[in-house]
Amino acid sequence: MSNEVLLQATVQGLQMGAIYALIALSMTLVFSVGGLLNFAHGDFMALAMYGAMVAYVSFKIDAYVVAPIMFIIFFALGVTLFRGLVRPVLAAGVLAGAQLTLGLVFVQENLILVLFGGDYNNVPTVLSNRNLTIPPLVMPWTLIVGSALAAALSIALYVVLLRTDFGRQVRAIAQNRDAAALMGIRIDRIQAIAFGVGIGLLGFTGPVIVAQFTLTPTMGFDLTLIALIVMVIGGIGNFLGSMAGGLIIGVAESLGSLLYGGTVGAMIPYAILVFVLLFRPHGLLGER
Amino acid sequence: MRDKPLLPPGAWSWLLFLLAALAPPLMSSSWINIGILTMLFVYLCVAWNIVGGIAGQFCVGHSLFLAAGAYTSTLLAIHFGVTPWIGMFAGAAVATLIGLFIAWLSFRYALPPLSFALVTIALAMLGYLAISSIDLFGASRGLTLPVRGTPAAYQFKNDVTYYFVISAHAIGAITLSAWLYHTKIGLYLRAIRDNERAAHAIGVPVLKYKMLAMGISAALTGLGGVFYAQYLQYVEPRTFASINIVIEIILFTVVGGAGTVWGPVVGPMLLVPAGELLRHELGGGLPGAHLLAYGLLLVVVIRFAPDGLLGALERGRQAWRAMRLAKETSPQ
């Protein structure tokens, strides 16, 4: 196998990895404030992608224009869901929360099936079918823009969490909820906003990377699984770890399917997860 | 003050369940198939509940055990002509070994419960991908069972017999789980669920009992896989090895009430027929409409009764009793 092909696959893996990292980061955000393991995470993104499809087919609006609008819609959806559904169930325990999101998977996948049918769909954007060639690399513009936006958002989210009041409050709640409440942090409000931002980021990411995926009603759960793997490999609740984990999984998946073919390539992320959990149970960058 | 119950508490549940188990002669043929599916899920939910509910270890890997049972007995029947009546024990044994191995791997360290869920998801996905690509297992095409058509080969002429077989499985599993729940083992498991550190501190051998719960649960699920394979006469990865069936098992159990003896019985007995009714009413229209209605129903139940229908019932009964007590003791 020539070095060029390997290089090409590695670069593509890194680009997909940046996207995975962002999905995992938003999952980490949702997880860290309330302990909610969100099995419906990828399904929210699938919903946003179908939203982009509607915008393109019905109104001829490009996915990149839709993305910021989707962020606002999904932010509102996230806050509403948190207030009405997630918070009352989380009060009964984190397991009840995880089970609720399993129910949401059912609802969202079948909502998509009812609204759009079970066919495969592709959504073109202005950048589709255009490549950037930097010999020996050939890269599709959609992937370049998608991964660059994902990386920028990841870094922005990280800076927000590290430097702003909101970020400090989120981290305080994640570390010690009771102490945070005693310091005067409005737990419910911060949790709702964090959940909203987490879901909103999915609303933004979905349209931005829609050209990279074939849309099916059940695509969401696959994305959830990737996000879970990335989140755990990096250490649950560790934001830098999630970024590193995303890149590792992206490259492993890309090289794996190039060298060993589809099925083995698909198995590699899960195998990595099992190994990490068995030998570094708190994640590659996890503490304790 | 309290009315004396006519029968001890569990007896009513048993009576109702035995009536359901003897019902098929009264049912039409389409309902018998729904009944078989219901009893199968009662059985699988009771089995999952032993590790997932009573011991509180959120396992998503039960598709592995279902597949282990189904594929082991089927491969033995195809290649060696072994009747599934013997193959079922081989299947249960393979499932148990896998279960014990997973439990040992994951519980050596005190991983938080959610990472256990993730390890089991990952292993279940690995298993699914492996089965759907290995030729010995028929890959994604699956395996068809050799047709014998005799009871000696675990194949019956009519569905009523299948119904009685799976009902017997379910009765056995409920008996086992009810017995476990009240013995020392059950107390240990519930102590581990409620506070693992405290249980460890007072001397409960945590690892041993978690492995025991997993082993029992895996063995029962393996037997369920053998039955399902005989009933369908066909084994393939989507039905037996995908995570979807585990999600259904978990949701049914949770809606009934995880961690109780009768919760995993009540959940599927309401939800499986409800799902079939919805399919009957809405299935002709838009694809997925009945599943959407079904999913919304599940979410609503979890929202208003996170501890399951049995938990909600118990809270309602206590509230009613407190109200009556307040009325009786009030000055007027």
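Above this text sits the structure in question.
**Q** What exactly am I supposed to notice about the overall build of chain B here?
**A** Helix and strand counts for chain B stand at 14 helices and two strands. For chain B, whose C-alpha radius of gyration is 21 Å, the value lies close to the compact-globule estimate of 20 Å for 332 residues. Along the longest, intermediate and shortest principal axes, the C-alpha atoms of chain B span 80 × 50 × 40 Å. Once local pairs closer than 6 in sequence are excluded, the contacts in chain B between residues at least 24 apart make up 79%.

**Q** Looking at this model, I keep getting lost on the pairing of strand E2 (residues 137-140) of chain A. Mind explaining?
**A** Residue and element names in this part refer to chain A. Across four bridges, strand E1 (residues 131-134) lies against E2 in antiparallel orientation. Across the sheet, residue asparagine 131 finds its bridge partner in E2, namely proline 140. Here E1 folds back onto E2, and the loop between the two strands holds two residues.

**Q** Honestly, the packing of helix H1 (residues 3-34) of chain A against helix H10 (residues 239-260) of chain A in this entry has me stumped. Any pointers?
**A** Axes are the key here: two packed helices are described by the angle between their axes and the distance separating the axes. All names here are of chain A. Viewed as axis vectors pointing N to C, H1 and H10 meet at an angle of 140°, and their least axial separation amounts to 6 Å. Taken together, H1 and H10 sit at an angle that is classed as oblique. The crossing of H1 and H10 is right-handed. When grouped by side-chain class, the residues that make up the contact of H1 with H10 number 15 nonpolar, ten polar and one charged.

**Q** Could you clarify how one ought to interpret the interface of chain A and chain B in this entry?
**A** A common way to report how large an interface is uses the accessible area buried once the components associate. Contacts between the two partners involve 35 residues from chain A, matched on the other side by 33 residues from chain B. Listing elements by their share of the side of chain A that touches chain B, those giving two or more residues are helix H3 (63-90), helix H4 (94-116), helix H9 (219-234) and helix H11 (262-279) of chain A. Among the elements that make up the side of chain A that touches chain B, the one with the highest residue count is H4(A) (15 residues). The residue inventory of the side of chain A that touches chain B, partitioned by class, reads 29 nonpolar, six polar and no charged.

**Q** Sorry if this is basic, but what is going on with the packing of helix H11 (residues 243-256) of chain B against helix H14 (residues 308-329) of chain B here?
**A** Residues and elements named next belong to chain B. Contact pair H11 / H14: the axes reach a minimum separation of 2 Å and the direction vectors enclose 5°. On the basis of the axis angle, H11 is roughly parallel to H14. On the side of H11, the interface is formed by Val254, Val255 and Gly256, while H14 contributes Gly308, Leu309 and Leu310. The residue inventory of the contact of H11 with H14, partitioned by class, reads four nonpolar, two polar and no charged.

**Q** What exactly am I supposed to notice about unusual backbone geometry here?
**A** Apart from glycine, the bulk of residues carry a negative phi angle, and the bulk of peptide bonds sit in the trans form. Even without a glycine there, the phi angle at A:Lys60 is positive, about 55°. Phi at B:Gln233 takes a positive value of approximately 60°, unusual for a residue other than glycine. By secondary structure assignment, the location of B:Gln233 is in the loop between helix H9 (206-232) and strand E2 (234-235). For B:Gln233, a count of 12 C-beta atoms within 10 Å translates into the label exposed.

**Q** Mind showing me how you'd approach helix H3 (residues 62-80) of chain B here?
**A** Side chains of residues three or four places apart in an α-helix project in the same direction, reflecting 3.6 residues per turn. Residue and element names in this part refer to chain B. The end-to-end C-alpha distance of H3 is 27 Å, a good match for the 27 Å that 19 residues give at a rise of 1.5 Å each. In terms of burial, H3 is largely enclosed, as 14 of its 19 residues are buried. Where H3 terminates, the next one or two residues include glycine 81, which has phi positive at roughly 65°.

Procedures and definitions
- Residues numbered from 1 in each chain as written.
- Chains lettered and ligands numbered in written order.
- Predicted model: local features only at pLDDT ≥ 70, side-chain atom pairs only at ≥ 80, totals over all residues.
- Helix = DSSP H or I, 4+ residues; strand = E, 2+ residues; numbered from the N terminus.
- Rg over C-alpha atoms; globule rule 2.2 N^0.38 Å.
- Contact = placed C-beta atoms within 7 Å.
- Pairing = 2+ DSSP bridges.
- Axes fitted to C-alpha atoms, helices over the stretch in contact; angles between N-to-C directions.
- Parallel < 35°, antiparallel > 145°, perpendicular 65-115°, else oblique.
- Left-handed = near helix turned anticlockwise from the far one by under 90°.
- Nonpolar A, V, L, I, M, F, W, Y, C, P; charged D, E, K, R; others polar.
- Buried ≥ 20, exposed ≤ 12 C-beta atoms within 10 Å, placed from the backbone.
- Expected span 1.5 Å × (residues − 1).

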